[in-house]
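Residue-level structure breakdown
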Amino acid sequence: MARRQPADSFGLPVAAIRAGHHSDAYLRLAKRVLEAEDRHPRVTMQVFQKRTTALAGIDEALAVLELCSGTEAGGRWRAGWEGLEVHALHEGDAIAPLETVLSIVGDYSVFAHLETVFLGCLARRTLVAGNVARAVAAAAGKPVLFFAARHDHWPVQPGDGFAAHLAGAAGVSTDAGGDWWGGRGVGTLPHALIAAYAGDTVAAARAFARQSPEGDGVTVLVDFENDSIATALAVADALGEDLWGVRLDTAEDLVDRGLADLGPAAPAGVSPELVARVRRALDDHGHRRVRIVVSGGFDPERIAAFEAAGAPVDAYGVGSALLRGSNDFTADVVCLDGRHCAKAGRRHRPNPRLERVY
């Protein structure tokens, strides 16, 4: 049986979730109604979504149920987790449309307020994991770096980083992105530091290498002057063994100087042709060991196009594309006291793949 993340590892705001502060108001009120009416229906609730994708966020959802199910009576919280029968799939499991990923059987009054929160965990994490999985598949074995942190609010970094890790991302850009799985942030010399060295990429790269953790290979952005070939060679000559790779990040509306001979036909931005020319120049000057990382507007489709073109890319840095789209989950009560009781169009869907959690 696969190991699950401990409930206390997610840093949940338990008191606020118990109070319904993060719940849809109508669900918070539904719980209040059941408690006020002393009604304790034993229901079966099942959770599903409508895509073929990779599941993520399930352990976080279970933590919400474990720590926040219950009832407040006389100013004290009475936990309800032990009265529930919970079955679930595992993090990273491949899931099919309409497949039940989580089943909860028990007194609905103790967990009615939690639907918003545990569905949100599943929706967000599975969205990220599915996007990363598609990028990883398109990259055909080459590393995909999760550079999405700057495209969303900072509190989501630990969970997003965990989802990306589950789906096969080779690294995350912030230490917070590694909090849930023991990783740490990786990255490259930033454009801003080059600017702080008056546009001298080599000087900035040398300083960056001096301060980088011992054993970490340095990767340097080489598009600051829009002359990636010349800058890559200068950096490789200057840093020698300290240089792990160069990163191409040419703006989509610029044509790199190294492609000027192509005239009007020269592709703008980072292109397979630019990558090929940088690779050839590095090889010709004795820098075969220097890797090439590309970034800037990459998504699974663009990665696939680079791979189909045979671009000599060693790793892909992908950002906002990994946060786009939606992957909604739905929770339905489908049985009451063991008898069918679902809204029209929904039915009980037992899933033999589910494992008993409690």
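As a starting point, this report considers the structure included with it. (Residues numbered from 1 in each chain as written. Predicted model: local features only at pLDDT ≥ 70, side-chain atom pairs only at ≥ 80, totals over all residues. Heavy atoms only, no water.)

**Some thoughts on the pairing of strand β10 (residues 218–221)**
What you see with β10 is no split at all: Val-218 and Val-220 on one side and Thr-219 and Leu-221 on the other are buried throughout. Taking the sense of rotation as the criterion, the β-α-β connection linking β10, helix α8 (residues 228–239) and strand β11 (residues 243–248) turns out right-handed. (Buried < 20%, exposed > 50% of the residue type's maximum accessible area, 1.4 Å probe, protein only. Helix = DSSP H or I, 4+ residues; strand = E, 2+ residues; numbered from the N terminus. Right-handed = clockwise from strand over helix to strand, strands pointing away.)

**Considering the packing of aromatic side chains**
Under the definition given, this model contains six aromatic pairs. Positioned above the aromatic ring of Phe-298, the side-chain terminus of Arg-302 is 3.9 Å from the ring centre. (Phe/Tyr/Trp six-rings, centres within 6.5 Å; stacked < 30°, edge-to-face > 60°. Lys NZ or Arg CZ within 6 Å of the ring centre and 35° of its normal.)

**Focus on the pairing of strand β3 (residues 70–73)**
For β3 and strand β4 (residues 76–79), the ladder comprises four bridges, and the chain directions are antiparallel. Residue pairing across strands places Glu-72 opposite Trp-77, the latter belonging to β4. Counting the residues between successive antiparallel strands, the hairpin from β3 to β4 contains two residues, one of them, Gly-74, with a positive phi of roughly 60 degrees. (Pairing = 2+ DSSP bridges.)

**Thoughts on the pattern of salt bridges**
For the structure on display, the rule yields 16 salt bridges. Across the pair Arg-353 and Glu-99 runs a salt bridge whose closest N-O atoms are separated by 2.6 Å. Of this pair, Arg-353 sits in the loop between β15 (339–340) and β16 (355–356) while Glu-99 sits in the loop between β6 (94–95) and β7 (102–107); the two residues are 254 residues apart in sequence, bridging distant segments of the chain. Since its relative accessible area comes to 13%, Glu-99 is described here as buried. (Salt bridge = Lys/Arg side-chain N within 4 Å of Asp/Glu carboxyl O.)

**Quick notes on the sheet that holds strand β5 (residues 85–88)**
Reading across from one edge, β15-β14-β1-β7-β5-β16 is the order of the six strands in this open sheet, with antiparallel pairing throughout. Only two strands of the sheet have a single partner each, and these edge strands are β15 and β16. Summarising the sheet, β5 and β16 pair through two bridges and their orientation is antiparallel. Bridge pairing in β16 links His-87 to Arg-356. Across the sheet, helix α3 (residues 58–68) is in contact with β5 and β7; its angle to β7 comes to roughly 5 degrees. (Contact = heavy atoms within 4.5 Å. Axes fitted to C-alpha atoms, helices over the stretch in contact; angles between N-to-C directions.)

**Some remarks on the sheet that holds β10**
Read across the open sheet, the six strands follow the order β9-β8-β13-β12-β11-β10; overall the sheet is parallel. Looking at the sheet topology across the chains shown, the edges are occupied by β9 (171–172) and β10. Across two bridges, strand β12 (residues 291–294) lies against strand β13 (residues 315–318) in parallel orientation. Residue pairing in the sheet places Val-294 in a bridge with Tyr-316 of β13. Strands β10 and β11 of the sheet are contacted by α8, whose axis makes an angle of about 165 degrees with β11.

**So, the environment of Pro-97**
Tracing the backbone shows Pro-97 in the loop between β6 and β7. We classify Pro-97 as partly exposed; its relative accessible area is 40%. Along the sequence, Pro-97 and Arg-51 sit 46 residues apart, while their C-alpha atoms lie 4.5 Å from each other. When neighbours within four sequence positions are excluded, Pro-97 is seen to be in contact with Gln-49, Lys-50, Arg-51 and Thr-52.

**Quick word on helix α4 (residues 115–138)**
Taking 1.5 Å of rise per residue, the 24 residues of α4 would be expected to cover 34 Å, and the 34 Å separating its terminal C-alpha atoms lies within 8% of that figure. The positive-phi residue at the C-terminal boundary of α4 is Ala-140, with phi of around 55 degrees. (Expected span 1.5 Å × (residues − 1).)

Any link to function would need more than the numbers given here.
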